[in-house]
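Listed below, chain by chain, are the residues.
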Amino acid sequence: MAEQATLVIIKPDAIKRGMMGEVLSRLEPLHLEIIGAKAVRVSQALAEAHYQDLRQKPFFRELIDYLQGKLHGTSFVLALVFWGPDAIERVRQVAGATHPEQADPVSIRGALGRMTSAGVMENVLHASADPQEALREIALWFTPQELLRPVPTSRSGSIRIRSKAR
Ligand code: DAT
Ligand code: MG
């Protein structure tokens, strides 16, 4: 099993509804190391860079507002980097499927996520989907100095994106 780093973001719905601790409690049994953690006030540039691959989707603007806390009146998200064997897949497993109603009920999103009556997908947390995405996202959200272990830098684009986003 490869040692991997993965980015987790505890999203504004979890902050607003007081579920930050519960999300961490559900990740803790994985016994991964936390090698980075911080509260982040998410700029529009950071949100757009984070979800850059979804910019053509009809829900993109709402997704950016959601990550920035504009839908929930919150001012920060909690960003963490978990490190350990098979971290990416194992965190995704505990997180559950994207759509809260399709997620396994024992997963974080299945248990704590919801679709609001306004049709907003509140799915509690972000977790990197694959190694390439993890490296890009970690470079976007964290400087190397903020991490307790060296994480390889991503393909060239990330540095440019990071300086633009911050
Ligand atoms: P994931 O967060 O599981 O990696 P994704 O990368 O496909 O899922 O999408 C990123 C986020 O975009 C997701 O957490 C919530 C939002 N999203 C995805 N599909 C959506 C849809 N059909 N309607 C509204 N929001 C959606
Ligand atoms: Mg994704």
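Residues numbered from 1 in each chain as written. Chains lettered and ligands numbered in written order. Predicted model: local features only at pLDDT ≥ 70, side-chain atom pairs only at ≥ 80, totals over all residues. Heavy atoms only, no water.

Before going further, it helps to spend a moment on the site of ligand 1. Taken together, Lys11, Tyr51, Leu54, Phe59, Leu63, Arg92, Thr98, Arg109, Met121 and Asn123 make up the full set of residues near ligand 1. Arginine 92 places a side-chain nitrogen or oxygen 2.8 Å from an oxygen atom of ligand 1. Separating an oxygen atom of ligand 1 from a side-chain N or O atom of asparagine 123 is a distance of 2.7 Å. In the complex, the protein chains occlude 73% of the 520 Å² of accessible area that ligand 1 would expose alone. (Near = heavy atom within 4 Å. Polar contact = N/O pair within 3.5 Å; in protein donor to acceptor, adjacent residues only side chain to side chain. Areas by Shrake-Rupley, 256 points an atom, 1.4 Å probe, with all protein chains shown as cover.)

Val42, Val81 and Trp141 are the most contacted members of the largest nonpolar core, which has 25 residues in total. When residues of this core are traced back to their parent elements, those giving at least two are strand E1 (3-10), strand E2 (33-40), helix H3 (44-50), helix H4 (60-68), strand E3 (77-85) and helix H7 (131-141). The dominant element in this core, judged by the number of residues it contributes, is H4, at five residues. Counting residues in each nonpolar core, the second largest holds 20 residues, with Val8, Leu27, Leu32 and Leu112 among its members. (Core = buried A, V, L, I, M, F, W, Y, C linked by side-chain atoms within 4.5 Å. Buried < 20%, exposed > 50% of the residue type's maximum accessible area, 1.4 Å probe, protein only. Helix = DSSP H or I, 4+ residues; strand = E, 2+ residues; numbered from the N terminus.)

All told, the structure shown has six salt bridges when counted by the stated rule. One salt bridge connects glutamate 122 with arginine 17, and the closest N-O pair in it is separated by 3.9 Å. Of this pair, glutamate 122 sits in strand E5 (residues 121-122) while arginine 17 sits in the loop between helix H1 (12-16) and helix H2 (20-27), and the two are 105 residues apart along the sequence. Look at arginine 17 and you get partly exposed, because its relative accessible area is 35%. Across the pair lysine 38 and glutamate 146 runs a salt bridge whose closest N-O atoms are separated by 2.9 Å. With lysine 38 in strand E2 and glutamate 146 in the loop between H7 and helix H8 (157-165), this residue pair connects regions lying 108 residues apart in the sequence. Overlapping salt bridges bring together Arg17, Arg114 and Glu122 as one network. (Salt bridge = Lys/Arg side-chain N within 4 Å of Asp/Glu carboxyl O.)

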